[in-house]
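Residue-level listing of the chains:
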Amino acid sequence: MNSEAASRIFADRLLALDRLEAERMFKQETEQHSPVQLIEYLIVPALEDIGRRWEQGETALAQVYMSSRICEELVARFLPLSSPEKINQPKLGIALLDDYHALGKIIVCAALRASGWEFHDYGRMTAPELAERVVQDQISVLLISTLMLRSALQIKELKTLLNAAQSPVKIVVGGAPFRFDPQLWQEVGADATGNNATEAVQAVARCMEELKK
Amino acid sequence: MTASTMTSMERVLTTLSHKEPDRVPLFLLLTMHGAKELGLSIRDYFSKPDQVIEAQIRMRTKYRHDCFYPIQYGAADFEAFGGEILWFEDGPPNSGESIIKTAKDILTLKVPKIQDIPSLQRTLAVISGLKERSAEAVPIVGVVIGAFSLPVMQMGFPAYIELLYNEPDLLKRLMAINQEFCVAWANAQFQAGATAVGYFEPLASPDLVPADLYHQTGLPVAQYCLSHFTGPSCVHLASGRCLPLIDNFVSLGAAAVGVSALEDLAMLKAACKGRISIIGNLNGITMRTWTATEAEEEVKKVIKTAAAGGGFILSDNHGEIPWQVEEETLLAISEAVHQWGRYS
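Residues numbered from 1 in each chain as written. Chains lettered and ligands numbered in written order. Predicted model: local features only at pLDDT ≥ 70, side-chain atom pairs only at ≥ 80, totals over all residues. Heavy atoms only, no water.

> Looking at this structure, how should I read the overall build of chain B?
Counting secondary structure elements, chain B contains 17 helices and eight strands. Radius of gyration (C-alpha) of chain B: 19 Å, near the 20 Å computed for a compact globule of 344 residues. For chain B, the C-alpha atoms occupy an extent of roughly 60 × 45 × 35 Å along the three principal directions. Long-range pairs, those at least 24 residues apart, make up 72% of the contacts in chain B with a sequence separation of at least 6. (Helix = DSSP H or I, 4+ residues; strand = E, 2+ residues; numbered from the N terminus. Rg over C-alpha atoms; globule rule 2.2 N^0.38 Å. Contact = heavy atoms within 4.5 Å.)

Printed below as a string of structure tokens:
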């Protein structure tokens, strides 16, 4: 079975919250693929498919959340914690900016983990707190998830603080305000945006590639 | 009565009966802007009902729109359960830490008594004051957070999703508490003088919860709540898409539905025509950067698509105008509605 067909079946099982069948299929595939191959062959395309279906109004955020968590659990249980090729990756961070709405961040964290990324999870911080940590930890790519417009606009302040500290960090943003205003990510000074978790993961990959140049 | 002498109340009631009034009714759902109006911080502003009454009256005069909106902040319903409110200088008060962290917290949760909650009492005082001042000429639109959506604040969205899928008994218990509170809170607003109450239920949106799961869980809760309200209601999904649910909302008996800027307004109009009125659907997020010309174009576009035959109130799509939207933009929206919204 090719990757597209397999990941479609896997995505269907995830969306139906059929953990047992998803796990059975996942375990079966671990016999034929290395951990990194399995992520690229099954997990990433399945999550991309689910993200696309959400964009098209075919699935709900609750299903996206549950699917991401199942993938995260499977990867944590069956694949090694860290692969050698990830150790030298530029550092990645994720945060909420003074916002208690954590769902988006949790979904992105699950998608990142399920896609093999390692990252610092800063939880909820104000712009000055986050800027300080990003500089201190030498973060290269920072993801920020927002629900409230106010939080989205605070990214401007964060960007100013990071520029003042001469941080080269690239900022990837996502969340409802950016879906309702497609120009907002540029207005707040972000480097990229993602309309769903897999787009955010793709944006991270692009930023990482740019940093290698 | 002639068309030109319609009060806001007459204009709104006419459109809700799916007839054309003198012009398209305009609801500018302004909450925090009252603080700007009086030169106060948002927190200070909401602390005294007289201030909110004064600002609501001033803003209606300034913007020439068709309702009073006495709501203080959506998180007040969470505050009633003992939740913490986070205040900001430049945005709506938010709900803080969850109050439900374990199953035991649901099992021991009690229905708050409306008379014991200062923030709710302040809102009721605002409604009463506006009722006295409006002499039945202006609709007063109250708000409750839908019983099915309130747990997002009570326990956080991730934990609530897990509950929805995995804990039917705990869900049933939580819904029983929330719907009892929701009905009591809505009916207290009707008793204080609210003309209608918006039932804000973002989780009804198929963007957030699958339609089949909503039909099994949230819809029966909405049926209970709306059937026990002592006055008319509108279902609002706070920017969430709702087209697949229009038949459900009609069956609930809602007078109107608040629709998203992300939806096809023409399709919504076709689905709603003659059955349920539409409230919407200006994009509040982009509104903060509109020029006067852009505001006029947005208003014209919405009126052209949805105003014919009545059954339409022009408003934002979220149920609250963002703090960042400037007075000039609101004036431009109002002017455009007065210029382009005439039916005759």
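> Would you mind showing me how to read the nonpolar core here?
For soluble globular proteins, the rule of thumb is that nonpolar side chains tend to be buried together. Core analysis: the biggest nonpolar cluster contains 173 residues, and Phe10(A), Tyr199(B), Phe229(B), Phe249(B) and Leu314(B) have the highest contact counts within it. Take this core: its biggest share by element is 13 residues, from helix 10 (residues 168-192) of chain B. Counting residues in hydrophobic clusters, the runner-up holds 26 residues, among them Ala131(A), Ala152(A), Val173(A) and Phe180(A). (Core = buried A, V, L, I, M, F, W, Y, C linked by side-chain atoms within 4.5 Å. Buried < 20%, exposed > 50% of the residue type's maximum accessible area, 1.4 Å probe, protein only.)

> What's the story with the sheet that holds strand 3 (residues 141-146) of chain A in this structure? I'm lost.
Strands belonging to one sheet form pairs held by backbone hydrogen bonds; the direction of such a pair is parallel or antiparallel. Residues and elements named next belong to chain A. The strand order across the open sheet built from five strands is 2-1-3-4-5, with neighbouring strands paired in parallel fashion. Two strands close off the open sheet at either side, each with one partner strand: strand 2 (120-125) and strand 5 (192-193). Two strands pair when backbone bridges link them, and strand 1 (residues 92-97) and strand 2 are joined in this way by four bridges, in the parallel orientation. Paired with Leu97 across the bridge in strand 2 is Met125. Packed onto the sheet, helix 6 (residues 103-114) meets strand 1, strand 2 and strand 3 and runs at close to 170° relative to strand 1. Contacting strand 1, strand 2 and strand 3, helix 7 (residues 127-136) crosses the sheet at an angle of about 160° to strand 2. (Pairing = 2+ DSSP bridges. Axes fitted to C-alpha atoms, helices over the stretch in contact; angles between N-to-C directions.)

> For this particular structure, what's the right way to read the pairing of strand 4 (residues 170-175) of chain A?
Every regular strand shows the same layout, with side chains that alternate between the two sheet faces. Residues and elements named next belong to chain A. Most of strand 4 is tucked away: five of the six residues are buried. The pairing of strand 3 with strand 4 spans six bridges and is parallel. If you follow Ile144 over to strand 4, its bridge partner there is Val173. Between strand 3 and its parallel partner strand 4, the chain crosses via helix 8 (residues 149-164), and the hand of that crossover is right-handed. (Right-handed = clockwise from strand over helix to strand, strands pointing away.)

> How should I be thinking about the sheet that holds strand 5 (residues 233-236) of chain B in this particular structure?
All names here are of chain B. On the basis of which strands lie adjacent, the open sheet formed by six strands has the order 3-4-5-6-7-8 and parallel pairing. At either end of the open sheet lies a strand with only one pairing partner, and these are strand 3 (141-145) and strand 8 (312-316). For this sheet, the mean inter-axis angle between neighbouring strands, taken without regard to orientation, is 25°. Inspection of the sheet shows strand 6 (residues 256-258) paired to strand 7 (residues 277-282) by three bridges, in the parallel sense. Note that in strand 7 the partner of Val257 across the bridge is Ile278.

> Just to check I follow, could you spell out the interface of chain B and chain A for this structure?
You'll often see interface size given as the accessible area lost when the parts meet. Contacts between chain B and chain A engage 33 residues on the former and 25 residues on the latter. Both sides together, the interface formed by chain B and chain A hides about 2500 Å², and carbon and sulfur atoms give 66% of it. Contact with chain A buries area across many residues of chain B, yet Pro158(B), Ile285(B) and Arg288(B) alone supply 21% of it, more than any other trio. Where chain B touches chain A, the interface holds three salt bridges. One salt bridge connects Arg288(B) with Asp181(A), and the closest N-O pair in it is separated by 3.1 Å. Here chain B is connected to chain A by nine residue pairs in polar contact (both at pLDDT 80 or more). Elements represented by at least two residues in the side of chain B that touches chain A include exactly strand 2 (94-95), helix 9 (157-166) and helix 15 (284-287) of chain B. The element that contributes the greatest number of residues to the side of chain B that touches chain A is helix 9 of chain B, accounting for six residues. Tallied by class, residues from the side of chain B that touches chain A come to 15 nonpolar, 12 polar and six charged. (Buried area = accessible area lost by both parts, 1.4 Å probe. Salt bridge = Lys/Arg side-chain N within 4 Å of Asp/Glu carboxyl O. Polar contact = N/O pair within 3.5 Å; in protein donor to acceptor, adjacent residues only side chain to side chain. Nonpolar A, V, L, I, M, F, W, Y, C, P; charged D, E, K, R; others polar.)

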